Amino acid sequence: MNKQLILVVEDDGAVRNLITTTLETQHYRFVTAATGQAAILEAVSHNPAIVLLDLGLPDMDGVEIIQKIRTWSTMPIIVISARSEDTDKIDALDAGADDYLTKPFSVEELLARIRVTQRRLAALQGIMPAQPITFENGDLKLDYAAGCAYLEGEELHLTPIEYKLLCLLAKNVGKVLTHTYITKEIWGSSWNNDVASLRVFMATLRKKLESRADSPQYIQTHVGVGYRMLKL
Ligand code: CA
């Protein structure tokens, strides 16, 4: 029985009903909001486990809502957007959204995204209590103290940038990271959002990490948006 409370923010009644009906079948509890103002009020008063957020609302832009929520909470936010433009998704992710879903979506897809977010949260809560000294995901193991990565017990020979990339993805396992976020974290002050270089480093990292390049197991590409390490 899923007792977690989900906040559904959507001004379109039909879509809102589709979402809440889907949640009901899985025994999630939910509250709804049809405007940005109501969304913020519900987020404050109910502290939901997950927020499903439509970006196009009558009174406020969804990105603004994310920014407001992020001033006081890290609650997971999954953006649901009718806009196909990548820039909206990227703005939402950069503002602190955890994942996104593009309309039209299937109910299976919606439920899968909710489960991914829940797993990510559980993984984070498991990691949070102490500073992690190792990270394990499937056959991948990172030893932060030694600065080494292992796959099936074999050490991976990574360049410093590949190792940094892998650690960044691991730290955010389950979450989509945008190109801008990654390049800023990796290159810091010498940052110039060089996505082409990032692609090259990602390709060499994957060659070492993924046994099958055509069906990557660990690192998922979000075309035009960024990358995510999957929680295995
Ligand atoms: Ca809308």
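Refer to the structure printed above.
Residues numbered from 1 in each chain as written. Predicted model: local features only at pLDDT ≥ 70, side-chain atom pairs only at ≥ 80, totals over all residues. Heavy atoms only, no water.

Caption draft 1: Region of interest: the coordination of the calcium ion. At this site the calcium ion is bound by D11 (OD), D54 (OD) and G56 (O), with donor distances of 2.2 to 2.4 Å. We note that the donor set of the calcium ion lies within a single chain, spaced as D-x42-D-x1-G. One end of the pair, D11, is in the loop between β1 (5-9) and α1 (13-25); the other, G56, is in the loop between β3 (50-54) and α3 (62-70), with 45 residues separating them in the sequence. On the accessibility criterion, D11 (35% relative accessible area) is partly exposed. A relative accessible area of 33% means that G56 is categorised as partly exposed. (Donors = N, O, S within 2.8 Å, 3.2 Å for Na, K, Ca; no water. Helix = DSSP H or I, 4+ residues; strand = E, 2+ residues; numbered from the N terminus. Buried < 20%, exposed > 50% of the residue type's maximum accessible area, 1.4 Å probe, protein only.)

Caption draft 2: Spatial organisation of the environment of Y218. The residue Y218 is located in the loop between α8 (195-209) and β11 (219-222) in this model. Each C-alpha atom of the pair Y218 and M229 lies 5.4 Å from the other, and the pair is 11 residues apart in sequence. Not counting chain neighbours up to four residues away, the residues in contact with Y218 comprise N137, G138, D139, L140, L151, L209, E210, R228, M229, L230 and L232. (Contact = heavy atoms within 4.5 Å.)

Caption draft 3: Looking closely at the sheet that holds strand β8 (residues 148-151). The antiparallel open sheet is built from four strands, whose spatial order is β6-β7-β8-β9. Of all strands in the sheet, those with a lone pairing partner are β6 (134-137) and β9 (154-156), marking the two edges. Here the average twist between neighbouring strands, direction ignored, is 25°. In terms of strand pairing, strand β7 (residues 140-143) meets β8 through four bridges, oriented antiparallel. (Pairing = 2+ DSSP bridges. Axes fitted to C-alpha atoms, helices over the stretch in contact; angles between N-to-C directions.)

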